[in-house]
Every structure is written in C-alpha cells, then in structure tokens.
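Summary of the model geometry
The primary structure of each chain is shown beneath.
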Amino acid sequence: RAEAEGGVLNRTDALAAPGATMESLSISTPLLQAPVADATATPRRSRSRACKVQKNHIMKLRPSGPSQLFNQPFPRPWTNLFRFPNMPDVCTDATLIIEASGDLLGEEKFVQVVGEDGALLGRLFVTAIDFSDEADACVIKNAGDCAPYAGPDLEKNASVFMADKAVQVFALKDGIVVPRALMTRYTADGELTFGLRVEEDNKADVVTIISASIEFGIGGCYSRHAVQFPGRHGAPRRYSGYFTSLKIPSPVVPDDDGAIMINATGVLAPETSWVSVALSNVSDPGPYGPRFAAVTYDGGLPDTNRHGHPGIEVLGSQSEIEETGTAWKLLEATRVFAAGLGDQTNEVGAVWNSTRKEAGSVSRELLAAMAAGEAGDGAGAGVLAVIMRGHPAEPSHTDFLSLWEASLVYPPASCAVHTMQEGQGGPLGLMGHPLEREIEYCDDYWLCDSVGPSNNQLYTAEALCRAHCWRQRGGIDHPLSAGDYHVPSPGYCYQPLKAMGHCATATDACSCTKLGVAECATAAGADRKLADGSCRCIPFNDCARSNVNVTYPFRFDTPKAPAGDVTLFIEASVPWPLTFHHYLRVRLAEADGRTLGHVFSSPDCSWQCSELYPDNDPTHPLIDSVRISEELATRWMADGALELAIELDVPRPSISCALHPEHERCFPFLAGDSSGNEGIVNSLFSMSGSSNSILSQAVGVADTTINVVSSALVGMQAALFACPPCKVVHIQVCTVMGFGREPACELLEVEESFTATALTVVRAAGGTVALDHPVGRCTCQNHNPVCEAKTTATDCTTATGTWDATTVRVVDAKMLPALDNEGEFTLRSLTLSYATR
C-alpha cells in the first residue's frame, strides 16, 4: 500500500462534503432556509497542486485489554461511538481503518460507518462475493445514498482492504475514505467521532472491535482564531439576536468546503434554538437590530428545526414587532448548536448554563465570496456576524452568551507546509533516539612529567598541560659550568591512572606506571613486580551524569508570508502511560523568547481543557499542535525564517520550591522592573494574608537585623518554624519608590531567633539582591525636592506631602507539585503549516 495524502492510494480524492450554497437571506426571520449543505452534494474536486502535505499521521485506538468499546463481543443489533480525542485540524482526505473479529464473512454481513452528524459514510467488511452491488461499502453520494468505489479492479467493491483474496479469518481489517471537507468539519472542534453499527436485519451476529485508526495528512489548512482569551460576553440584541461580529483579516481562496467552530456557554432554550453565523459587514445593527417582516414556515426546513408539519404555513409573532432600523441582508454561512445545548432543566425545573464546542460546515462558494471581498470591511478582511436564532417565530434565543472561542478553518488553494522528520539527516533532536535529558560531565586531568617546577603538576586540560609542562635546568643548582644545563624543552603530558585494589602481599603497595601498568612494590620501593592480587589501574578521570532542562532549537525557512494563523504540529513518542505531568514546551527561539505553548499536556490549569489518550496504541506516536497568531507570525517570519525550540524540564520531587510556571524561563519579560527583583518576587512567592507591619528603623544593605513595629503584624509566629514541615520562612520588605514607579522589594530569610520587634535575617533570599530600605518615603505634589527630602511621617505631612511607610510581611514560596515527567520522549516530526496567497 503506497502512501498518499491521508492514507490510501487511488482513492476517490475527496468527494466534497455537502455544503451550503450562497443564498441571499434576510435576518427579518429566524426561520431561515436550512443550509443547502444538508441535502446537496457538490461536484467532485481534486486537491490543489499549490497545497500539498509532506507526511501522514496515524492515530490508533487499541487498548491493551477489554474496555467499554474494544475487545468485547457485541451481539446484534448494536451502535457504538468511537472518539479520537485531541485531534488537530485536518484538511486532507483520511482513511478510517477498523480491525475486528467475529461473524463478518459471508453474505449480508457488514458494519455501517456513520459520521458525527449522522450521515452514512459507508459499509465495512463487504466482500466481492456479497449479496448485491448496492450493499457495497461506499462514500457519500446524494441524499446519503451509497455509490461503489470506482477504483482500479475494484469497480464493485468500495472496501479499501477487503478483496477476494488473502482474507484473514481471525482478525479482519477494512477501511473507508473520508473526504477532506468532512474531515475539516469533524475535527474543527478538536476531536473526531465515528459511529459503528450493526442493525437488526444484518446477519453479523457477534462482532468484536479490536482497533480503530485514522490516517490523515499533517497540515495544509487555512485557520484563523477570531476570538481570543478572555472571550466575548454579553446579551444578544433582544429582537434580532445579533451578538457580535468576527473579523477574518486575510481570507484566501478556498479549495473545498470548510468549517466554523464555536465554543460557548449559554442557555439555549427551547431545543429549537441555535447560533447562526452569517457573512455580513454590518457592525452596528442598532438597538433593535434589523427590520422584521411577517414570517412563514418554509416547507423545506427539516423537522428537527421547527414545530408543525412540512408545508404548513404558520404566521410568526414577530410580524407584530414595530419595524425599526434598516433591512439587513445576510449570507448564512452555517448553523451551530442546531439542536440547542441539550436538556438544560434540572429536577426542580431550573435551567443552567452549559458549555459546548461544535463546528458547522461552510460552503466553498461562500468562502470564495468572502475571499473576494463580499460583505467585507473594505480593507481585505471578511466579517462574520454571530446571531442567536430560535423557533417558534418569536425572540426565543438565550439571554446571555459567553463566546470563548471561534475559529474558521478550510483547505486553501495555496499553502506552505514544511516537515522535518527523523531519518532525513535532520537537526539534533530528530535523530530517531530519545531526547537526551542528561549531560555527562567528565574530568579531563593531565599530569606533567618534566624537570623543574611543572613536574608532577596536574592540569585540567591537555592544552594547559602542553603550555606549562617544560623541562628546564639552570640557576644556582645547575650553572653552565656544571655541564648539565640545557635549553628548556617540552615535557611529557599524559592522562594519569590511579591504583585500585590490593597486592597479594599485604605489605606491598599497589601503584601504576605512566603507561598504565599495574605494579606491586615493597614498602621501601626497592623491589617491583607486575601486580598480583586485586591490584589494577583505572582512569584517574571520572564521569558523572546530571539531569538538565533540555532545549532543542529548530529553524524553518519561511519564504512566503502567512495568510491566517500558523500551526506547528509536533509528532512524538511519549512515556506510557501518559499523565498530565508529561509535556513538551514550545518556545520562540528569537525575539523575546516567549513560550508559544505546550503539547500533550501543560504545567498550568489549561491541561484541564484537554484529554489524555487512554485508548491510544502506545506503539504509535502522538500528535499535538501549537497555534501562532497571524499578527505575531508575520512579524517573526519577515526575515525569511522562524526559529523555535522544543524543551523538556527536569523531573522534580513532590515538594520543592522550584521555578514557577510564571518564571522568566517561561516568560522572560517578567524579569527586570525598577529594582530588578520584582519578576522574581512575584513569580516565586505569593502573599499570605493581608497582615503587615512597618519598619521602625532604616535598613542598610549589610544589616542582618531589621526592626519593625510588631513582628506579630508581620505574620511571624513560632509555629512557622515547626519541624515538620521544616519550611524556610521568608519576608518581603517593600519601599515605595514614588508616583508611577514600582516599589523596590527584597526577599529575606528569617532566622528562628526573632523577638516582638526585631527579626534576624539573611539578606537577598530567593535570588533577589540586597537593597537599602528607609523607614518610608515622602511623595509630594510636583515632586518638590524639599518636601520629598523629609524622612519622618510628621515632617512629611507638615510639608503637605504623603508618607508611605516601608512595609514588611511574611510571604510563602509557591510550592509546586511533583513533575513526574520521567521517561523517554522521542521527536518523530515537526511540521510548520500555513495558508498563503
């Protein structure tokens, strides 16, 4: 089987997903015609030659033992949903491969595959001897029917793997091709779900699913996140339901249908409410929104989106709303949450907010219209309006919505995809072996054999030894007349060895010659012989290995400017079982060196927004991605390259005052500020309580005792020094530095011998530097120098200034949990992908 984009050679090459046509719609009714995507198939399309991926990834679900979905028999009828978590954006055809055993060989025995939208994608395990052509496995055709795969020698069999010959009896493997437009929509929300089912009239009595895998191309998408943290929150317009507009700065020509993903929290009631995303450049719809007109139900609407029966016209109540504002013509792109947010009523009848993340299909025609500037902002950007809609014909949308994320993704006509992978003679880190998490430190001692002062001197490097090791005679002991004076000449440098063990005779000494020969000699040294007993020579130099924070730099050439966001895909083999402690950091290796993100997990609470890989086959690498916004990527790639680093931190014990995730290693720009200490103070230590005291006497740089009004108000108490937990006690001393300037703070370690008003301290704790601290500072209007020179509160207030006392308070080190990221991480590939014009 040769590799092609998404898996199988000679596939259908993407029957395009059914998509919406560009139809002018008016927001004057919430009963818009359902997107034509639900009923119409678009023509067959071939992928643009200007956008090709370079590598495929296989994500495989194969638990080691029985689970709820795998490795247990399912008697007919049955339907199960199989989820692939943590899916990246996919814009290529994909091959879904199912491995199963059971009653599958013979006529009228097969397994149906449905997409997460309920569409029939095909049938598996249909052999060439099966009952009829119309039962063949298939890809999507009009109205959800099946059509046989017209590949070479497979005119009557759409199965990818099932053929007339070489069928294994125990475990059968078969697959279908999923068109790229469907994959784009299915994966836009970060996961992929397929349904497998055997119906009652199917003759496959018992089936056991062994594994499920999806093979797809890495990269090749246009993507744009239109909503960033912390999101958009508010109430939709009362009548129109208009919520917000999403700006797409640089839409490009599409190559197929795409998807809009929305992650939102709200109460959508009744069940027939949904979110409509429409192409429109209206940014201010007015207090009431567009003008409304009389509404009738359309006979083409699906039953799930309305009450009553098809074709029955029901006058909408919105016809009674006063016509205000102006008419607003829209091109509806898609509908999300078309079934509402589910049952949101608890047992006492109240409703609550729920959060869902879904994607809706967007037609190629509408994307092309947006790229051409239709309903844009006049500067090349497209504008999408988010509108809350609902049935029946009255304002029935949610009262409040939190929009956390919104993104647009589709296959572009032109893109840049650059993949580095192991086995291609690539950079260090992609050599096919685990990331080197330790550094070996070895001694490099050299001994000098000479005549003169350098004899028997030990040097830390060969070059030092050769520079200083000389034979030289002269002076009083060796005058010219003595005949033994000679011009200095190089001595002999060699790596010494050391004796280990004992000679057979207890009184003999074990020693080593310059050539490494072990000898045993008498105590007087008169008699020497080759070593006996356990006497031997070993190298004098030793080596030691130490854990280190690992950084591997990579450089991608970027000859073309990005259109849309840039995505870095990381494919790696990780320790198993994978936990939330196992992650890799992605850092920018140029400019400010900021952290771009983490893959496979993260050190902060964002790991709760992702899932682990409980059912993934550990023999297959995992894939994750980091997104770089178009604005930042354009700036960093302007020089024709993007420099990145993949990092791995040292494991740490369960209780340690280690680097906080906000440390400058993660965020370099935190360091600095007025005294040079603020970045460290704020990142390594947290304030405990609100109690603080003030200095009663100024503190100099070298002072080891500070006097305060009350050590109890500082937060000092004997229990702080209890052992266990045997924690080090720190205080923070902060002096106000004047209007518009950060206070100068220093961390100090407190000794246990403190009194009610005096603290014995160790200065410059936690990596800070020692500072001078006056008892306070006087700040005055217009920074009057005479006023600000006052050194007491009374003198300051008398001079109409404001006195800010120097504060002292106990602080707690931020204690991090264990980072159990031990194990081997092996990078398999890095792919940089983005759309181009």
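Residues numbered from 1 in each chain as written. Predicted model: local features only at pLDDT ≥ 70, side-chain atom pairs only at ≥ 80, totals over all residues. Heavy atoms only, no water.

Moving on, we get to the confidence of the model for the protein chain. Note: predicted coordinates in regions of low pLDDT should not be interpreted at a detailed level. When pLDDT is averaged along the protein chain, the result is 75, and 69% of the positions lie at 70 or above. Segment residues 8–44 is flagged for pLDDT under 50; beyond a separation of four residues in sequence, or across chains, it makes 130 contacts in the model. In the model, residues 163–168 has pLDDT below 50 throughout and makes 4 contacts with residues more than four positions away in sequence or in other chains. (pLDDT = per-residue confidence, 0-100. Contact = heavy atoms within 4.5 Å.)

If you walk through the whole model with that rule in mind, you get 11 disulfides. Covalent S-S linkage joins Cys442 and Cys543, the inter-sulfur distance amounting to 1.9 Å. Classification of the bridge connecting Cys442 and Cys543 rests on its S-S torsion, roughly 115°, and on that basis the disulfide is right-handed. On the criterion of sequence distance, the pair formed by Cys442 in strand 23 (residues 438–442) and Cys543 in strand 34 (residues 543–547) is long-range, its members being 101 residues apart. (Disulfide = S-S within 2.5 Å. Helix = DSSP H or I, 4+ residues; strand = E, 2+ residues; numbered from the N terminus.)

It is worth spelling out the pairing of strand 40 (residues 641–648) at this point. For strand 40, the tally of buried residues reaches 7 of 8 residues, placing the bulk of the element in the interior. In this structure, strand 35 (residues 550–557) lies alongside strand 40, joined through 8 bridges in antiparallel fashion. Paired with Phe554 across the two strands is Leu644, which belongs to strand 40. Here strand 37 (residues 584–588) pairs with strand 40 via 4 bridges, running antiparallel. Pairing of Arg587 across the sheet is with Ala645, part of strand 40. (Buried < 20%, exposed > 50% of the residue type's maximum accessible area, 1.4 Å probe, protein only. Pairing = 2+ DSSP bridges.)

On to the packing of aromatic side chains, then. Tallied over the entire structure, the rule returns 7 aromatic pairs. The interplanar angle of 85° and the centroid separation of 6.2 Å between the aromatic rings of Tyr186 and Phe194 together place this pair among those described as edge-to-face. Per residue, the accessibility class of Tyr186 equals that of Phe194, and both read buried. Considering the side-chain rings of Tyr492 and Tyr494, the 5.4 Å spacing of their centres and the 20° angle between planes classify their relative orientation as stacked. Here the basic side chain of Lys498 rests over the ring of Phe540, its NZ or CZ set 5.9 Å away from the ring centre. (Phe/Tyr/Trp six-rings, centres within 6.5 Å; stacked < 30°, edge-to-face > 60°. Lys NZ or Arg CZ within 6 Å of the ring centre and 35° of its normal.)

Here the focus is unusual backbone geometry. Residue Arg76 is joined to Pro77 through a cis peptide bond whose omega torsion reads -5°. Checked against the element boundaries, Pro77 lands in the loop between strand 3 (73–75) and strand 4 (78–84). If you check the backbone angles, Asn86 has positive phi at about 55° while not being a glycine. Although it is not a glycine, Ala591 sits at a positive phi angle of roughly 55°. Judged by relative accessible area, Ala591 falls into the exposed class, the value being 64%.

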